[in-house]
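One letter stands for each residue in the lines below.
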Amino acid sequence: MTQGTIYGVGLGPGSQDLMSVRADRLIRQASHVAYFRKKGRAGHARSIVEGLLAEGAVELPMEYPVTTEIPFDDPRYNELLAAFYARSVAQLIEIADAGRDVVVLCEGDPFFYGSFMHLYTRLQGRVALSVVPGITGMSAAWTASGRPVTWGDDVLTVAMGTLPEDALVERIAQTDALVVMKIGRQLDKLRRALSRAGRENEAWLIEYAAMPQERVVPFTEVSGSVPYFSILLIHGNGRRP
């Protein structure tokens, strides 16, 4: 029996019409569709493809054992996730060994800070793999801002809000254009880092880029909490004709 293929399919930032033609075709033809989700949730990746799955497609929700319940530097965090990825990989290999392909839905791009990468590295050499790239959330965010993010020789830095404050200050101060992801509970720390770097008036917050509830606001006007799907931007102002 020919072994099936595991496809990591990038869905883009959250709108069906921003998916690639290849992604759309694979999803519509898939007999088995896997996706990550938090316990008790439908899963954002699954919601993006609503109405696209073939009748009778087998759905394989992979539920994270932990998200923000314990700190990511707690040894239990990696232990729980490592076991979770091992179980998920075993399930995918079992299906592939039965000769079936599996499409794994990936928000944004599969190789850009996504959970699929943790499956991919464990599956390599054990099963056929194919990755379909997708538009990243940050690309949708700077498009929503209505301004180019980089010009000429601008350097673009992508940073995580989970970095230590001093590291954020350094990167914010030294780059031309900036993207900060994973803001969430890091909002106050990020606000302090922007102020220390002297760039708070250059920053914008984009919520739900390319989704119906999209919102673009100057960061100085942000108060309270921010949604999970939020990205901070500082636009570059480099060389141009």
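Notes on the structure follow. What you are looking at is a predicted structure, and each value in this text was computed from that prediction instead of being measured.

Definitions and limits used
- Each chain carries its own residue numbering, running from 1 in the written order of its sequence.
- Per-residue local features of the predicted model are confined to residues with pLDDT of at least 70, and side-chain atom pairs are confined, for both listing and counting, to 80 or more; whole-chain, interface and lining totals are unaffected and use all residues.
- For side-chain calculations, the full set of non-hydrogen atoms in the structure is used, while hydrogens and water are omitted.
- Pairing of aromatic rings covers Phe, Tyr and Trp, the last through its six-membered ring, and needs centres within 6.5 Å; plane angles under 30 degrees mean stacked, over 60 mean edge-to-face, and all others mean tilted.
- Strands are runs of DSSP state E lasting at least two residues, helices are runs of H or I lasting at least four, and both sets are numbered from the N terminus onward.
- Burial classes follow relative accessibility: with a 1.4 Å probe on protein chains only, a residue under 20% of its type's maximum area counts as buried, one over 50% as exposed, and anything between as partly exposed.
- Being paired, for any two strands, means DSSP has found at least two bridges between them.
- Between N-to-C directions, angles cover 0 to 180 degrees, with each direction set by a line fitted to C-alpha atoms, over the stretch in contact for helices.
- The set of buried Ala, Val, Leu, Ile, Met, Phe, Trp, Tyr and Cys residues whose side-chain atoms join them within 4.5 Å is what this entry labels a nonpolar core.
- Should any heavy atoms of two residues lie within 4.5 Å, those residues are considered in contact.

## Focus on the packing of aromatic side chains
With the rule as written, the count across this model stands at 10 aromatic pairs. On the basis of an interplanar angle of 50° and a centroid distance of 6.1 Å, the ring pair of Phe-116 and Tyr-120 is categorised as tilted. Of this pair, Phe-116 and Tyr-120 both sit in helix α4 (residues 116-123), separated by four residues, roughly a single helical turn. On the basis of relative accessibility, which here comes to 2%, the residue Phe-116 falls in the buried class.

## Re the sheet that holds strand β8 (residues 203-207)
One open sheet holds the five strands; their spatial order is β6-β7-β10-β8-β9, and the pairing between them is mixed. Bordering the open sheet on either side are β6 (156-160) and β9 (215-218), each of which pairs with just one other strand. Averaged over all pairs of adjacent strands, the angle between their axes in this sheet comes to 20°, without regard to strand direction. The pairing of β6 with strand β7 (residues 177-181) spans five bridges and is parallel. Among the inter-strand pairings, Val-158 is bridged to a residue of β7, identified as Val-179.

## Focus: the pairing of β8
In terms of burial, β8 is a largely internal element, four of the five residues being buried. In the sheet, β8 pairs with strand β10 (residues 230-234) via five bridges, with the strands oriented antiparallel. Paired with Ile-206 across the two strands is Ile-231, which belongs to β10. With four bridges joining them, β8 and β9 adopt antiparallel strand pairing.

## Some thoughts on the nonpolar core
In terms of nonpolar packing, the biggest core is built from 23 residues, with Ile-6, Phe-36, Leu-92, Val-102, Val-104, Leu-119 and Leu-123 touching the most fellow members. Sorting the residues of this core by element identifies β2 (32-38), β3 (58-64), α3 (75-97), β4 (102-106) and α4 as the ones contributing at least two each. Among the elements that take part in this core, α3 stands out by supplying nine residues, more than any other. Beyond its immediate chain neighbours, meaning those up to four positions away, Val-104 contacts Ile-6, Tyr-7, Gly-8, Val-9, Ala-34, Phe-36, Met-62, Leu-92, Phe-116 and Leu-119. Ile-172, Leu-194, Phe-219 and Val-222 belong to the second-largest nonpolar core, a separate cluster that totals 20 residues.

## Brief notes about the environment of Phe-219
Tracing the sequence through the fold places Phe-219 in the loop between β9 and β10. Setting aside anything within four residues of it in sequence, one finds Phe-219 in contact with Leu-187, Leu-190, Arg-191, Leu-194, Ala-203, Trp-204, Leu-205 and Leu-232.

## Digging into the pairing of strand β1 (residues 5-10)
With respect to burial, β1 is a largely interior element, six of its six residues being buried. Every second residue of β1 is oriented toward a common face, with Thr-5, Tyr-7 and Val-9 on one face and Ile-6, Gly-8 and Gly-10 on the other, all of them buried. The pairing of β1 with strand β5 (residues 128-132) spans five bridges and is classified as parallel. By the bridge assignment for β5, Gly-8 is matched with Val-131.

So, to be careful, I would describe these as geometric facts and stop short of saying anything about function.
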